[in-house]
Amino acid sequence: MFRFIFAASFLLPDNDEEIHNMVKIGIFYGGSQKGSTYKAAESMVNHFGKDKTALHNVNEATREDLEKYDYLILGTSAWGIGEMHQDWERFIDVLVEASIDQKKIALFGLGDQIEYPESFVDGMGTVFCRLPFKENVVGFWPTKGYSFYFSTAEKDGNFVGLALDEDSQPELTGERIAKWVAQLKAEFKLN
Ligand SMILES: Cc1cc2nc3c(=O)[nH]c(=O)nc-3n(C[C@H](O)[C@H](O)[C@H](O)COP(=O)(O)O)c2cc1C
């Protein structure tokens, strides 16, 4: 028995760096304290698996955090009239300066299509707009099933990432996240 445990211990990661190297996806979210954006991000971690995914609040995240993953998922809610969450106002400059040109990137945005139909999920639109390497973006999502007049996050008939509406379509959030994560696993080539 002792010999088995001793042998098996060689198969396990034995330091933080090795454990970290298994985590390939960084989810960076900015939204209200423990709000809808955070909850969506947490649900994505569960779908991908905690061993593969790490969660970062953009309020505390650094350039080094962005640079250590192969895949980045960036989420913001929309505030003001069509603005990113305020925590993203600082972090967007960090993102633009970071060396992330080799990474696949996916976006998600929270919004409210009933109260803000002319700026629906515009925070996500701004993050996309500021990304220097748009060709690396995956995870585009159909606009079918939403009702709004205008969104800066719409491009060629799709959203530039997953649009979630916890205010007027909360019943669809779980299903949308599950489907989008399955899509990302294929686009990230994780299957
Ligand atoms: C003051 C205020 C402004 C908002 N502006 C927008 C907006 O322009 N577009 C939009 O789609 N949603 C807007 N929303 C809705 C939020 O994005 C939505 O409630 C979101 O789920 C909040 O997520 P959070 O709690 O993680 O920050 C706004 C909400 C508030 C309270």
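Relevant structure appears above.
Residues numbered from 1 in each chain as written. Predicted model: local features only at pLDDT ≥ 70, side-chain atom pairs only at ≥ 80, totals over all residues.

Could you give an account of the site of the ligand, naming the residues involved and the relevant values?
Inspection of the region around the ligand gives 22 residues, with Gly31, Gly35, Ser77, Gly111 and Tyr116 positioned closest. Contributions of two or more residues to the shell around the ligand are made by helix H3 (36-48) and strand S3 (71-79). Element by element, the count of residues in the shell around the ligand is highest for S3, at 3 residues. When the residues that make up the shell around the ligand are grouped by side-chain class, the tally is 7 nonpolar, 11 polar and 4 charged. (Near = placed C-beta within 6 Å. Helix = DSSP H or I, 4+ residues; strand = E, 2+ residues; numbered from the N terminus. Nonpolar A, V, L, I, M, F, W, Y, C, P; charged D, E, K, R; others polar.)

Outline unusual backbone geometry, supporting the account with residue identities and numerical values.
The phi torsion at Lys34 lies on the positive side, around 55 degrees, for a residue other than glycine. Checked against the element boundaries, Lys34 lands in the loop between strand S1 (25-30) and H3. A residue is classified by how many C-beta atoms lie within 10 Å of it, and Lys34, with 9 of them, is exposed. Positive phi values are uncommon outside glycine, yet Asp156 reaches one of about 50 degrees. Relative to the helices and strands, Asp156 is located in the loop between strand S8 (154-155) and strand S9 (158-159). Look at Asp156 and you get exposed, because 6 C-beta atoms sit within 10 Å. (Buried ≥ 20, exposed ≤ 12 C-beta atoms within 10 Å, placed from the backbone.)

Help me get a handle on the sheet that holds S9, residues and values and all.
The strand order across the open sheet built from 3 strands is S7-S9-S8, with neighbouring strands paired in antiparallel fashion. The open sheet is flanked by strand S7 (141-142) and S8, the only strands paired with a single partner. Note that S7 and S9 share 2 bridges and pair antiparallel. Within the sheet, the bridge partner assigned to Trp141 lies in S9 and is Phe159. (Pairing = 2+ DSSP bridges.)

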